[in-house]
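Spelled out from the first residue to the last, the chains are:
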Amino acid sequence: MFTVLGLSRFQFAMTTIFHFFYVPMTIGLALAVAIMETTYVVTKKDVYKKMTMFWSKIFLLSFAVGVVTGIIQEFQFGMNWSNYSRFMGDIFGAPLAIEALLAFFLESTFIGVWMFTWNRFKPAVHVVFIWLTFLGSSMSAIWILAANSFMQHPVGFEINQATGHVRLRSFGDVMSNPQLWIEFPHVFFAAVCTGAFVVMGCSAFSLLRMHMGNKDQAVAAVEADSEKQAKVNLFTKSIRLAALLGLIGSICVITYGDLQGKYIVTDQPMKLAATEAIYEDTGDPAPWNAVALINEKDHKIEGSVEIPGAMSQLAYGKKTGAVKGMNTVNKELHEKYDAKFGKDMNYYVPVTTLFWVFRLMVGIGFAFALISALVLWFTRKKKNTLFTSRWKLWIMGIFTFAPFAATTSGWLVTELGRYPWLVYGYQTIADGVSPTSTVPNLLFTCIVYFLLFLVLGGVMVFYTRRTLHQGPFYKPDDGNGPQPATVHGAPARVALA
């Protein structure tokens, strides 16, 4: 661990995972807020404007922290991975430059215009700004993933014989990379789920804070207070919108995840075999290891719970088909790359980690679909039982944090499953490290970054919690003492039981 290579990998993983907490959250919240404001423009109902302005506070917090962590993330390429930057700069530089000059510029410009022009434009014009912000954030993801997809599946390049570095031959090929157009929808809909469950979970916690005493007392307190009625109405509408987005997002995440699994059967067979703990070639049809005891040292499975034939269905979409095991793939990689990288290369990936984080990611994805569908049922007009069921609200609240576990698991599967490559088949992780990095410098920067992330995370949690406690009708102190909340019009009555 305490080597230049080990610390460089740890620091990159730490910065990327922390940054990736906020990227999907920002995209997902931008979509949710844009839909809320669009609904306000169409219906003219004040509750949707209140929803837009309330959830935009958390969206803006996420955007701000995401920008800061993104800057730190970009430092990594020059600090610890300069050999990688030299080798792949011609490919990596173009998408990153476009992302900064086009997508991020669009996003950061219109988020500012949107924030400060509520009273300067008509609602039908103002809503365009948040949609342009959402478009910019989504486009950012495309350009970043274009670079990552090249690392997974290099296309549209040639090797510069003078320098040994890759040279861009066809930008069109890079952007039409099949890996990109399977990876991007999966990441995008994961972001939709993240925004949806943040809104749903935070709404659930807000409703829980209004639960004083038993169920009957809570209902009576709400029915006797117009502001509480308005809050319940606002958070119930927020939950229903989030549940709809969560259901659509989770179904699409599962669909594109399945396509991605089928794609890597031939493109990255070691990754597929590792996520399913397959060391030896399977029979036909191939069984699926639901649970496995993995012996990474001896490269074998010591025990498993198998479902006959299921792996063929997962890998090929049909009832037949064998799957290569890691031992076979390892031999094939040695035959292909020993002349260039030597016989001492280890092509086995961290199987235990991949096996379990893959199941965590998939399990959360299916849980998202189930919970979203149930929430839509529990909040139906004729019988809304959500507010009076504390256990339902607690489950929704706890699932606020599930998207971050799922996206982190997805990132680990994608990146650890590519080991030992930085650029698949062309540059190893060890070859990409900066020659000037030292263990003391890396230890120092790891500690500094960790403390910085701790502070940024604390700021995000503190201000999000404060926003939720203040509620959607909070008015700041203008110097004349705290102002009472104002609820315009009679709140729409919500069935509480």
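Reading guide: rules and limits
Residues numbered from 1 in each chain as written. Predicted model: local features only at pLDDT ≥ 70, side-chain atom pairs only at ≥ 80, totals over all residues. Heavy atoms only, no water. Salt bridge = Lys/Arg side-chain N within 4 Å of Asp/Glu carboxyl O. Helix = DSSP H or I, 4+ residues; strand = E, 2+ residues; numbered from the N terminus. 1 Å grid on protein atoms, 1.4 Å probe; cavity = no way out; pocket = protein on both sides within 12 Å on 5 of 7 lines; lining within 4 Å. Points joined across faces, edges and corners; volume = space filled by probe spheres on them. Nonpolar A, V, L, I, M, F, W, Y, C, P; charged D, E, K, R; others polar. Pairing = 2+ DSSP bridges. Patch = residues over 30% accessible without salt bridge, like charges linked within 9 Å, V, L, I, M, F, W, Y side chains within 5 Å. Areas by Shrake-Rupley, 256 points an atom, 1.4 Å probe, with all protein chains shown as cover. Buried < 20%, exposed > 50% of the residue type's maximum accessible area, 1.4 Å probe, protein only. Axes fitted to C-alpha atoms, helices over the stretch in contact; angles between N-to-C directions. Parallel < 35°, antiparallel > 145°, perpendicular 65-115°, else oblique. Left-handed = near helix turned anticlockwise from the far one by under 90°. Polar contact = N/O pair within 3.5 Å; in protein donor to acceptor, adjacent residues only side chain to side chain. Expected span 1.5 Å × (residues − 1). Bend = angle between axes of the 7 residues up to and from the residue.

Chemist: Describe the pattern of salt bridges, and please don't skip the residues or the numbers.
Modeler: For the structure on display, the rule yields 7 salt bridges. A salt bridge links Arg-169 to Asp-173; the nearest nitrogen and oxygen atoms lie 3.5 Å apart. Here Lys-231 makes a salt bridge to Glu-227, at a shortest N to O gap of 3.6 Å. Of this pair, Lys-231 and Glu-227 both sit in helix H8 (residues 226-267), 4 residues apart, which is roughly one turn of the helix.

Chemist: For empty space enclosed by the protein, give the residues involved together with the corresponding values.
Modeler: Scanning the model with the defined rule gives 2 cavities of 30 Å³ or more in all. By volume, the second largest cavity amounts to about 40 Å³. Lining the second largest cavity we find Gln-268, Pro-269, Met-270, Lys-271, Leu-333, Tyr-347, Gly-417, Arg-418, Tyr-419, Pro-420, Trp-421 and Tyr-424. In terms of residue count, helix H9 (residues 269-275) provides more of the lining of the second largest cavity than any other element does, 3 residues in total. Residue classes in the lining of the second largest cavity are distributed as 8 nonpolar, 2 polar and 2 charged.

Chemist: Explain the pairing of strand E4 (residues 300-307) to me, and be specific about the residues and the numbers.
Modeler: For strand E3 (residues 288-295) and E4, the ladder comprises 7 bridges, and the chain directions are antiparallel. Counted as the bridge partner of Asn-289 is Glu-306 from E4. Two successive antiparallel strands, E3 and E4, enclose a turn made up of 4 residues, where His-299 displays a positive phi of approximately 55°.

Chemist: A description of a nonpolar patch on the surface should follow, citing residues and the corresponding values.
Modeler: A cluster of nonpolar side chains, namely Ile-447, Phe-450, Leu-451 and Leu-454, defines an oily patch on the protein surface of about 410 Å² accessible area. With a relative accessible area of 54%, Leu-454 lands in the exposed category.

Chemist: Go over the layout of surface pockets with me, naming the residues and quoting the values.
Modeler: What the second largest pocket holds in volume is close to 610 Å³. Taken together, 20 residues form the lining of the second largest pocket, with Cys-202, Thr-400, Phe-401, Val-461 and Thr-464 sitting closest to its centre. Broken down by class, the residue content of the lining of the second largest pocket amounts to 13 nonpolar, 5 polar and 2 charged.

Chemist: Tell me about the packing of helix H1 (residues 4-43) against helix H2 (residues 46-79), and please be specific about residues and values.
Modeler: Where H1 contacts H2, the axes come no closer than 7 Å and their chain directions differ by 155°. Judged by the angle between their axes, H1 and H2 are roughly antiparallel. Between H1 and H2 lies a crossing whose hand is left-handed. Across the contact of H1 with H2, the residue classes break down as 19 nonpolar, 15 polar and 3 charged.

Chemist: Give a description of the side chain of Thr-117 that names residues and reports values.
Modeler: Its location among the elements puts Thr-117 in the loop between helix H3 (82-116) and helix H4 (123-152). A polar contact is formed between the side chain of Thr-117 and the backbone oxygen of Val-113, at a distance of 2.4 Å.

Chemist: Break down H3 for me, with residues and values.
Modeler: Over its 35 residues, H3 runs only 40 Å from end to end, short of the ideal 51 Å by more than 12%, given 1.5 Å per residue. Largest kink in H3: about 85°, centred on Met-88.

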